[in-house]
Amino acid sequence: MSHFSDDELIDEIRRRFEFNRNALNDLRAVTRKLEEMNEKLKESERVKSQFLSNIRNEINNPLSAIMGLSGQLRGCRQEPERCVRTAAMIYAEAFNLDFQLQNIYAAAELEAGDAVPDYALVDVAAVIKGCFDKLAPRIAEKQLATAREVDAGLVFPTDAHKLELVVINLLANAVEFSPGNGQIGVTAAESGSSLEIAVSDSGPGIAAADREIIFDRFRQLEVGTTKSHRGHGLGLSICWSLVELLGGTLDLDSRPGSGSRFVVILPRPDVEVRVRASDANLFLFDRDDEPEQF
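Below or above, wherever it landed, is the structure these notes cover. (Residues numbered from 1 in each chain as written. Predicted model: local features only at pLDDT ≥ 70, side-chain atom pairs only at ≥ 80, totals over all residues. Heavy atoms only, no water.)

Taken N-terminus to C-terminus, the directions of helix H2 (residues 80–112) and helix H6 (residues 235–245) make an angle of 45 degrees; their axes are 10 Å apart at the nearest point. Comparing their axes, H6 and H2 come out oblique. Here H2 runs over H6; the crossing is left-handed. Contacts between H2 and H6 pair Asn 103, Ala 106, Ala 107 and Leu 110 from the former with Gly 235, Ile 238, Ser 241 and Leu 242 from the latter. (Axes fitted to C-alpha atoms, helices over the stretch in contact; angles between N-to-C directions. Helix = DSSP H or I, 4+ residues; strand = E, 2+ residues; numbered from the N terminus. Parallel < 35°, antiparallel > 145°, perpendicular 65-115°, else oblique. Left-handed = near helix turned anticlockwise from the far one by under 90°. Contact = heavy atoms within 4.5 Å.)

This is the structure in structure tokens:
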């Protein structure tokens, strides 16, 4: 058996106390991290539960409306004006349903890591016009003034479908949050080797403390059944992820009471592009028989 002097014994006790103190501090740190992770998991489950509740209504409501309106349309053959109004409502509900499903599909693809850029020479003006056309019924319903400034003949190599998803989500967001008789606008121009698109609205604006929250998946500033705006918290998060996938940036310029302006900057990809796209539809051609140069 080893024999310790008094000083050696004191040093050994001190060393063991220090070891135990460090171990206790490490345990406390791990416990804090586990508690934080547990809170994040609880918040994630709560947010996902809210999302599932919201998306159920977002899908069921337009689907029920389409079925009901279609039934009415069958019985209004002798009333042309009523047929036109009913058909317009059916289109609006069908577009809304398709819009929600496209976002869900995009979110699922991004979550699975299956989203990859499919580059083409994109007619940017046609994509933006298509987005305005699809949202025309809602724009007319709110009597919004619109402004569209796009460089003439602007063609840029990027992913047509992903660009359309970004633009229509930002534009739909602008339409939703602008008050009746408000104004929305889109500008697009090539700056150096990048494409810059800005979407502005005359809505209530966004406080600095909320600017990160709005880009979180499934998160909305308003929650519950009494919220004043439609949506399920996917649109802006999808925009952020798609822009990031394309190597670009998405910035927000907003102040409470002064509206919002979302700015997308996409770099020119370092790949050879031999496909042309208009309105998110692709047209293939060989270099030798290319009909026109972009």
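The subject of this paragraph is H6. H6 sits mainly inside the fold: eight of its eleven residues count as buried. Along H6, the residues that are buried comprise Gly 235, Leu 236, Ser 237, Ile 238, Cys 239, Ser 241, Leu 242 and Val 243. Taken together, the buried residues of H6 touch H2, helix H5 (160–177), strand E6 (249–254) and strand E7 (260–267). Where H6 terminates, the next one or two residues include Gly 247, which has phi positive at roughly 80 degrees. (Buried < 20%, exposed > 50% of the residue type's maximum accessible area, 1.4 Å probe, protein only.)

Another point: the nonpolar core. Ranked by internal contacts, the top residues of the largest apolar core, which has 52 residues, are Val 124, Leu 170, Leu 171, Ile 184, Ile 197, Leu 250 and Phe 262. It is H5 that provides the largest number of residues to this core, a total of eleven residues. Sequence-distant contacts of Leu 250, defined by excluding residues within four places in its chain, comprise Leu 170, Phe 215, Cys 239, Trp 240, Val 243, Phe 262, Val 263 and Val 264. (Core = buried A, V, L, I, M, F, W, Y, C linked by side-chain atoms within 4.5 Å.)

Okay, the pattern of salt bridges next. Between side chains of opposite charge, a pair can form when the charged atoms approach closely. A complete count under the given rule lists eight salt bridges for this structure. Residue Asp 11 pairs with Arg 14 through a salt bridge whose shortest N-O separation is 2.9 Å. Separated by three residues within a single helix, Asp 11 and Arg 14 lie in helix H1 (residues 6–74), roughly one turn from each other. We note a salt bridge from Arg 268 to Glu 190, for which the minimum N-O separation is 2.4 Å. Of this pair, Arg 268 sits in the loop between E7 and strand E8 (275–278) while Glu 190 sits in strand E4 (residues 183–191), and the two are 78 residues apart along the sequence. (Salt bridge = Lys/Arg side-chain N within 4 Å of Asp/Glu carboxyl O.)

As a further point, take the packing of H5 against H6. Contact pair H5 / H6: the axes reach a minimum separation of 9 Å and the direction vectors enclose 145 degrees. Remark: the crossing between H5 and H6 carries left-handed chirality. Two secondary-structure elements touch here, H5 through Lys 162, Leu 165, Val 166, Asn 169, Leu 170 and Asn 173 and H6 through Gly 235, Leu 236, Cys 239, Leu 242, Val 243 and Leu 245. Broken down by class, the residue content of the contact of H5 with H6 amounts to eight nonpolar, three polar and one charged. (Nonpolar A, V, L, I, M, F, W, Y, C, P; charged D, E, K, R; others polar.)

Burial of the side chains of E6 is restricted to one face: Leu 250, Leu 252 and Ser 254 are buried, whereas none of Thr 249, Asp 251 and Asp 253 on the reverse face is. Bridge count for E6 against E7 is six bridges, and the pairing is antiparallel. Paired with Leu 252 across the strands is Phe 262, a residue of E7. Turn length for the E6-E7 hairpin, with the two strands adjacent in sequence and antiparallel, is five residues, and the turn residue Gly 257 shows positive phi of about 85 degrees. (Pairing = 2+ DSSP bridges.)

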